[in-house]
Amino acid sequence: MKREELKEQFYDEIAKCNRCGFCLPVCPVYAVKGTEWATPRGRNAIIRAVIEGKIDWTPEMEGSLFRCTGCRACTQACLPSVETNEGILAGRMCLVDRSQYPKVMDRVAEALENDFNISGDPNEERSSWTEFMRDVPEHAYQKETAQVIYFVGCVAAFFPLVQKIPQAFVQVLDKAEVDFTTLGGEEWCCGFPLIQAGMAEKMEKLVEHNQEKIREVGAETVVFACPSCYHTWKERYKTDAELLHATQFMERLIDQEKITFNNGFHKTVTYHDPCDLGRNSGIYEAPRDVLKRIPGLKLVELESNRELAICCGGGGDLEMIDPELSAAIAQRKIEEIQRTGAEVVVTSCQQCVRTIAGTARKRKINLKVMDITELVLEAMGS
Ligand code: SF4
Ligand code: SF4
């Protein structure tokens, strides 16, 4: 993206920033770094000054613009609702044009170009999570036609720590007698990491392929346990199919009495709102409604919840770009969770599970982290 395009599309938005600083306390990056370049205000100021021609891009700006989780807490706290993250993503595109970006992004772009997934493994291995399951049906969750497609997403498909999510969710769908399929090796990355990398123009091939697969299967509904896939589809895809997050779909199945809870879940639980599901997609009540309908479960809220929820540190490709910063943000999240006294933290995002559980494990903190699909499966019982 050129400076002129940046000006045309984003100047008015960025210029709304009056430098009041109300966004500072809610920005998870600023909370750890404590410097002006890490504030939403500071990032807006950089982009504005570049647009106005008062300064030119410098290599150091990469450090500021590529260290944002995309959580949009700043916009929530901001009186004129400045969409700082939109400016940051556009700024990243400018930096990519100038070859000033974290080179780990090249590895991601290459993996998506050649293998259609972020891990760089052969895409046929996208269903390898089924190998560790018992009683897998003959079709191994890949049928030619189905009413519902479960779009698994790269992280849940390839990263061992969270493969328990697709393993749990297909069992929930099976028990609820849903006519569903996954796409296996024909599922390609949704393109979310490329948007975050400032390389959105490279995602077209992925979008077209996935849209075509939905048409071929003839599905009426596509369901996502990954909030980032869900958000990307909602914002960037064109399809007649209904798009639902897993929490919305499970809420519907409970209403239809297709999900019933034989076991219940007899523990105190707190819920972490994933940024791409909550603030970025507006879904706060579906997960809470699912949890509240589970017998025995006691829900206690985090100090900052719903619109004010604090990011876990896993968003916006930050974990790839600066894993230490991502872990420091996760540490703050863990401390907030511990203050609730809950026995379990549940969320509805594989990346939040990875970030929180991974940091807790590395720092030897005893914390039980679950995705809502796992919790529902356990509460359903046999
Ligand atoms: S982004 Fe909003 S809250 Fe932050 S300094 Fe600018 S106007 Fe104030
Ligand atoms: S989107 Fe989140 S991480 Fe990025 S500047 Fe705003 S509050 Fe900070």
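How each quantity is defined
- Residues numbered from 1 in each chain as written.
- Chains lettered and ligands numbered in written order.
- Predicted model: local features only at pLDDT ≥ 70, side-chain atom pairs only at ≥ 80, totals over all residues.
- Helix = DSSP H or I, 4+ residues; strand = E, 2+ residues; numbered from the N terminus.
- Buried ≥ 20, exposed ≤ 12 C-beta atoms within 10 Å, placed from the backbone.
- Near = placed C-beta within 6 Å.
- Nonpolar A, V, L, I, M, F, W, Y, C, P; charged D, E, K, R; others polar.
- Axes fitted to C-alpha atoms, helices over the stretch in contact; angles between N-to-C directions.
- Parallel < 35°, antiparallel > 145°, perpendicular 65-115°, else oblique.
- Left-handed = near helix turned anticlockwise from the far one by under 90°.
- Contact = placed C-beta atoms within 7 Å.
- Core = buried A, V, L, I, M, F, W, Y, C linked by C-beta atoms within 7 Å.
- Pairing = 2+ DSSP bridges.
- Domains from an automatic or database assignment.

**Focus on the environment of Cys311**
Within the element layout of this structure, Cys311 appears in the loop between strand E6 (298-300) and helix H15 (318-321). For Cys311, a count of 31 C-beta atoms within 10 Å puts it in the buried group. Taking the C-alpha atoms as reference, Cys311 lies 15 Å from Val369; in sequence the two are 58 residues apart.

**Overview of the site of ligand 2**
In the vicinity of ligand 2 lie 15 residues, with Cys27, Pro40, Cys68, Cys71 and Cys74 positioned nearest. Listing elements by their share of the shell around ligand 2, those giving two or more residues are helix H2 (28-33), helix H3 (40-51), helix H5 (73-77) and helix H6 (84-97). Counted by class, the shell around ligand 2 contains nine nonpolar, four polar and two charged residues.

**Some points on the packing of helix H9 (residues 164-175) against helix H18 (residues 372-380)**
Packing of H9 against H18 leaves a shortest axis separation of 8 Å and a crossing angle of 45°. Comparing the axis directions of H9 and H18 gives the class oblique. In this structure, H9 meets H18 at a crossing whose hand is left-handed. Mapping the contact onto sequence places Lys164, Ile165, Ala168, Phe169, Gln171, Val172 and Lys175 in H9 and Thr373, Glu374, Val376, Leu377 and Met380 in H18.

**Comments concerning the site of ligand 1**
Around ligand 1, a shell composed of 16 residues is seen, among which Cys17, Cys20, Cys23, Arg41 and Cys78 lie nearest. For the shell around ligand 1, the secondary-structure elements that each account for two or more residues are H3 and H5. Classifying every residue of the shell around ligand 1 gives 10 nonpolar, four polar and two charged.

**Regarding the nonpolar core**
Residues Ile149, Tyr150, Phe169, Val172, Phe224, Ile356 and Val376 are the most contacted members of the largest nonpolar core, which totals 122 residues. With near-sequence residues (within four places) excluded, Phe224 lies in contact with Phe151, Gly153, Cys229, Tyr230, Trp233, His245 and Ala246.

**Digging into the sheet that holds strand E3 (residues 221-224)**
As summarised here, the arrangement of the four strands in space is E2-E1-E3-E4, forming an open sheet in which the pairing is parallel. Two strands bound the open sheet, and with one partner strand each, they are strand E2 (180-181) and strand E4 (242-245). With four bridges joining them, E3 and E4 adopt parallel strand pairing. By the bridge assignment, Val223 is partnered in E4 with Leu244. Set on the sheet, helix H13 (residues 246-255) makes contact with E3 and E4; between it and E4 the angle comes to about 95°.

**Remarks on the domain arrangement of the protein chain**
Splitting the protein chain by domain gives domain 1 (3-97), domain 2 (104-254) and domain 3 (262-380). Relative to domain 3, the C-alpha centre of domain 1 lies at a distance of 27 Å. Residue-level contacts link 13 residues of domain 1 with 17 residues of domain 3. Put simply, the parts of the chain that give the side of domain 1 that touches domain 3 at least two residues each are H2 and H5. It is H2 that contributes the most residues to the side of domain 1 that touches domain 3, four residues altogether. When its residues are assigned to classes, the side of domain 1 that touches domain 3 shows eight nonpolar, three polar and two charged.

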